[in-house]
Amino acid sequence: MNDMISHPRSRRDDARLAVWVGLFWAATYLLLSVRAALITDGTAMWFSPLRLASISAGALLFGFALRAGMRSPQLARQPALLLFHVLAAAVAIFAFGYTVDHIWSTNPYPLSGHIRWILTWTGYFGLGLAAFLAVNQSRAKARTRSQTAVAIPAATAQPIADTTTDAWSFAVDVLADELAKQPSRDALIAALERRAGYELADDVDATATAHNARAQLVAALADRLKRAS
């Protein structure tokens, strides 16, 4: 049963993760392509093998960071660890892009160009990760509130003191009835014990608990009355 519950949840998490990674890839590619077009005075640069490779590698790292956030909800409340994820991804993508550019291109970008690009990409990475962690934390809180709301009615559906309440109600009814009829305290005690009966050993029909509670209460009342006489 636990496997059946955990597997659908795992599949939902994987699907949600894929959506976030896909959106991050598309958004960063579009924004950085627009940036490249603006920098080159309107020259269209919508397809760049280096940008495609760098952003794809960055999306992969983004997915790893999201997975870490899903496994450790505390990540959102640990700025140092969050900053470490962002900086580690930035260094990795910078090294990847710079190396690939110098291997593939006959006219590689200058170092300053790579630095400006990675600073822009790092901002997108940090914003995407922060947004995911905020949404994930909000979902976790909503799930906790929902579970609490379900647990409270279940816990109060069968009050713990039901048998005690029934026992006191029985004792009060018997006392009121017998006080009106019995001329003496001894007769009242005998009537109480007779009407309460003896404790039952086996709870065959699920009534022994309530019966025994009444018997114990009446026995305690009778003992108190005997010691007071």
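Bear in mind that the values here come from a model prediction, so they are computed numbers and not experimental data.

1. Quick notes on the overall build of the protein
A count of helices and strands for the protein gives 7 helices and 0 strands. Ordered by position from N to C terminus, the α and β elements of the protein give α-α-α-α-α-α-α. Looking at the protein as a whole, 28% of its 229 residues qualify as buried. Taking all contacts inside the protein whose residues are at least 6 apart in sequence as the whole, residues at least 24 apart take part in 66%.

2. Focus: the packing of aromatic side chains
If you walk through the whole model with that rule in mind, you get 8 aromatic pairs. Both rings, one in Phe24 and one in Phe125, keep their centres 6.0 Å apart while their planes meet at 80 degrees; by these two values the pair is edge-to-face. Of the two residues, Phe24 is situated in helix H1 (residues 2-39) and Phe125 in helix H4 (residues 111-156); the sequence distance between them amounts to 101 residues. Exposure remark for Phe125: the relative accessible area of 1% places this residue in the buried category. An aromatic cluster is built from Phe24, Phe62, Trp121 and Phe125, whose rings are joined through pairwise contacts. Over the aromatic face of Tyr29 sits the side chain of Arg51, whose NZ or CZ is 5.6 Å from the ring centroid.

3. A short note on the layout of surface pockets
Taken as a whole, the largest pocket encloses approximately 400 Å³ of empty space. In terms of lining, the largest pocket is formed by 21 residues, of which the most central are Arg35, Tyr109, Gly113, His114 and Trp117. If one sorts the elements of the lining of the largest pocket by residue count, H4 sits on top with 5 residues. Its residues assigned to classes, the lining of the largest pocket comprises 12 nonpolar, 6 polar and 3 charged.

4. With respect to the confidence of the model for the protein
Of all residues in the protein, 62% have pLDDT values of 70 or greater, and the mean over the chain is 75. By mean pLDDT, the top-scoring element of the protein is helix H2 (residues 49-71) (90), and the lowest-scoring one is helix H5 (residues 162-179) (60). Counting interchain partners and residues more than four positions distant, the pLDDT-below-50 stretch residues 1-6 has 1 contact. Confidence over residues 154-160 falls short of pLDDT 50; this stretch has 0 contacts with residues more than four positions distant or in other chains.

5. A word on helix H3 (residues 79-104)
Between its first and last C-alpha atoms H3 spans 37 Å; for 26 residues at 1.5 Å apiece the expected length is 38 Å, and the two agree. Within H3, the full set of buried residues consists of Leu82, His85, Val86, Ala89, Ala90, Ile93, Gly97, Val100 and Asp101.

6. Details of a positive patch on the surface
A cluster of basic side chains, namely Arg11, Arg12, Arg139 and Arg143, defines a positive patch on the protein surface. Only H1 and H4 provide two or more residues apiece to the positive patch. Relative to the elements of secondary structure, Arg12 occurs in helix H1.

7. A look at the pattern of salt bridges
Summed over all chains, the structure comprises 2 salt bridges. Between Asp13 and Arg16 there is a salt bridge, with its nearest N and O atoms 3.9 Å apart. In this pair, Asp13 and Arg16 both sit in helix H1, 3 residues apart, roughly one turn of the helix. A salt bridge links Arg67 to Asp14; its shortest N-O distance comes to 2.7 Å.

8. A look at the side chain of His114
For His114, the location among the structural elements is in helix H4. By relative accessible area, which is 9% here, His114 ends up buried. Beyond its immediate sequence surroundings of up to four residues, His114 is in contact with Leu50, Phe94, Gly97, Tyr98, Asp101 and Tyr109.

9. Some thoughts on the environment of Gly22
Position of Gly22 among the secondary structure elements: in helix H1. Owing to a relative accessible area of 37%, Gly22 belongs among the partly exposed residues under this scheme. Remark: the alpha-carbon pair of Gly22 and Ser56, spanning 34 residues in sequence, is separated by 9.8 Å.

10. Quick look at the nonpolar core
Membership of the largest hydrophobic core comes to 23 residues, with the highest contact counts inside it found for Phe62, Leu66, Trp117, Trp121, Phe125 and Leu129. Counting residues per element, the ones that place at least two in this core are H1, H2, H3 and H4. By residue number, the principal contributor to this core is H4, which donates 7 residues. Not counting residues up to four positions away in its chain, the partners in contact with Trp117 are Leu32, Arg35, Arg51, Ser54, Ile55 and Ile93.

Procedures and definitions
- Residues numbered from 1 in each chain as written.
- Predicted model: local features only at pLDDT ≥ 70, side-chain atom pairs only at ≥ 80, totals over all residues.
- Heavy atoms only, no water.
- Helix = DSSP H or I, 4+ residues; strand = E, 2+ residues; numbered from the N terminus.
- Buried < 20%, exposed > 50% of the residue type's maximum accessible area, 1.4 Å probe, protein only.
- Contact = heavy atoms within 4.5 Å.
- Phe/Tyr/Trp six-rings, centres within 6.5 Å; stacked < 30°, edge-to-face > 60°.
- Lys NZ or Arg CZ within 6 Å of the ring centre and 35° of its normal.
- 1 Å grid on protein atoms, 1.4 Å probe; cavity = no way out; pocket = protein on both sides within 12 Å on 5 of 7 lines; lining within 4 Å.
- Points joined across faces, edges and corners; volume = space filled by probe spheres on them.
- Nonpolar A, V, L, I, M, F, W, Y, C, P; charged D, E, K, R; others polar.
- pLDDT = per-residue confidence, 0-100.
- Expected span 1.5 Å × (residues − 1).
- Patch = residues over 30% accessible without salt bridge, like charges linked within 9 Å, V, L, I, M, F, W, Y side chains within 5 Å.
- Areas by Shrake-Rupley, 256 points an atom, 1.4 Å probe, with all protein chains shown as cover.
- Salt bridge = Lys/Arg side-chain N within 4 Å of Asp/Glu carboxyl O.
- Lys, Arg positive; Asp, Glu negative; His and termini not counted.
- Charge placed at Lys NZ, Arg CZ, Asp CG, Glu CD.
- Core = buried A, V, L, I, M, F, W, Y, C linked by side-chain atoms within 4.5 Å.

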